[in-house]
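# Chains, contacts and geometry: an overview
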Amino acid sequence: MYRVAVIPADGVGPEVSEEAERSLRAAARSYDFDVQTEWFDWGCDRYLADGKMMPDDYLDTLSGFDAIFLGSVGDVSKVPDHLSLELILGIRRGFDQYVNLRPIRLYPGVSTPIRTATPETLDMVVVRENTEGEYAAQGGVFKAGTSDAVALQTAVFTHKGCERVMRYSFDLARRRSKLGPEAPVGRVTNCTKSNALNYSMVFWDTVFDEVAAGYPDVETDMALVDALSMWMVKNPEWFDVVVASNLFGDIITDLGAMLQGGMGFAAGGNIDPERRFPSMFEPIHGSAPKYTGQRRVNPIASIEAVRMMLDHLGEHDAADAVGAAITEMLEEGEVGTRDMGGTNSTDEVGAAIAERIR
Ligand code: IPM
Ligand code: MN
């Protein structure tokens with residue numbers, strides 16, 4: 001029995017969360033485990049009502065769950081983004097979810113605006129550092145509100161923080177390898193910018209080299225983040241595992257989402273590999289407030305997040321069934337939301353996938 005906390009939050013978050021839950025339940029029924037979900041009304045409406053996105057003890061509340069599903073957070077018409085997004089960032093940091101795992105694959109039958117991406121060429125995963133770096137929230141504004149104002153935002157790279165996310169990446173490359181024992185097992189690309197960021201990224205590279213030395217069987221590669229963005233489009237087949245800092249990983253995974261056919265297909269897991277805390281799974285698209293309640297957005301990213309959650313929980317057969325159900329529906333090509341050129345609603349697509357899981 002798994003207890004899953006659902007935080008639907010803002011905009012289209014609730015409607016995609018319903019479809020995530022529907023697939024989760026279908027998988028549980030078919031694979032003989034129970035799930036108990038609890039929904040939390042945290043988000044911008046709550047902020048408008050009582051000045052807080054979530055209660056002060058939110059981490060204590062969530063810590064008793066096996067996993068968290070997050071819909072989407074933010075609605076600038078209600079709350080400035082840098083305040084509302086503390087809901088996500090607070091959980092990532094508070095539960096030390098130091099890996100943000102973002103698989104980038106193209107499901108068959110999905111059209112992508114990028115010609116080089118095909119189901120055969122695109123199968124990579126970005127491992128984004130998720131607790132420090134450029135998102136460390138260190139800084140301040142000096143002489144705020146005056147014409148002499150100066151803003152400082154300091155990135156923080158710790159040896160421990162770099163090392164653990166890199167180790168995870170190398171272990172992942174080994175697990176993903178489909179090559180024989182003689183061939184190098186997988187490849188980890190270091191996403192860096194050490195030509196310009198002479199302290200942080202030079203340090204990052206040093207730690208990468210230290211960790212890589214412990215994995216002589218895994219091929220390594222490095223690319224400056226600007227060039228890497230170009231190569232992801234030009235030669236997507238080159239990439240296997242890419243390890244990136246928090247901000248670089250954020251940026252290249254939106255690019256990755258376009259290779260995947262759009263934000264409607266891109267999912268991520270905020271993972272504590274040591275399993276001290278629950279991990280959190282989410283579609284990486286935003287809350288799209290203008291579409292709220294219209295049931296027109298694509299639920300596949302959310303259902304893909306459920307697939308990742310099941311994998312993390314050790315329900316590998318159920319996870320594979322979710323992936324297979326998505327694949328089958330897309331291959332048949334009869335049901336789709338508007339971003340896919342279809343005419344179906346969010347819940348029709350969600351129901352079609354859940355049906356195939358069953
Ligand atoms: C993401 C999002 C978040 C991030 C925002 C909403 C804070 O863009 O998960 O990629 O920057 O990490
Ligand atoms: Mn992002």
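Attention here is on the structure that accompanies the text. Residues take numbers from 1 onward in each chain, read along the sequence in its written order. Chains carry letters from A onward and ligands carry numbers from 1 onward, assigned in written order. pLDDT decides what is reported in this predicted model: residues at 70 or higher carry local features, side-chain atom pairs at 80 or more are listed and counted, and totals for whole chains, interfaces and linings draw on all residues regardless. Calculated side-chain values reflect all of the structure's heavy atoms, with hydrogen atoms and water omitted.

### Notes on the site of ligand 1
Quick reminder of the rule: Being near a molecule or strand, for a residue, means having at least one of its heavy atoms within 4 Å of it. Here a polar contact is recorded for every N or O atom pair within 3.5 Å, except that within protein the pair must consist of a potential hydrogen donor and a potential acceptor, and residues adjacent in sequence are included only if both atoms are side-chain atoms. In this classification, Asp, Glu, Lys and Arg are treated as charged, Ala, Val, Leu, Ile, Met, Phe, Trp, Tyr, Cys and Pro as nonpolar, and every other residue, Gly included, as polar.
Lining the immediate environment of ligand 1, one finds Leu 85, Arg 92, Arg 102, Arg 128, Tyr 135 and Asp 250. The side chain of Tyr 135 places a nitrogen or oxygen atom 2.6 Å from an oxygen atom of ligand 1. Between ligand 1 and Asp 250, the relevant distance is 2.8 Å, taken from an oxygen atom to a side-chain nitrogen or oxygen of the residue. Of the residues belonging to the shell around ligand 1, the class tally is two nonpolar, no polar and four charged.

### Structural notes on the pairing of strand β8 (residues 187–192)
How we decide: Only protein chains enter the calculation, and the probe is 1.4 Å; a residue is then buried if its accessible area is under 20% of its type maximum, exposed if over 50%, and partly exposed in between. Numbering of helices and strands runs from the N terminus; a helix is a DSSP stretch of H or I covering at least four residues, while a strand is a stretch of E covering at least two. Here, any two strands with at least 2 DSSP bridges between them count as paired. Here a crossover is taken to be right-handed if, once the strands point away from the viewer, the path from the first strand over the helix to the second is traced clockwise.
Among the six residues of β8, six are classified as buried, and the element is accordingly described as predominantly covered. The two faces of β8 match: Arg 187, Thr 189 and Cys 191 on one face and Val 188, Asn 190 and Thr 192 on the other face are all buried. Bridge count for β8 against strand β9 (residues 219–224) is six bridges, and the pairing is parallel. In the strand pairing of β9, Val 188 is matched with Thr 220. With helix α7 (residues 200–213) bridging β8 and its parallel neighbour β9, the resulting β-α-β unit is right-handed. Bridge count between β8 and strand β10 (residues 241–244): three bridges; the pairing is parallel. The residue of β10 that forms the bridge with Val 188 is Val 241.

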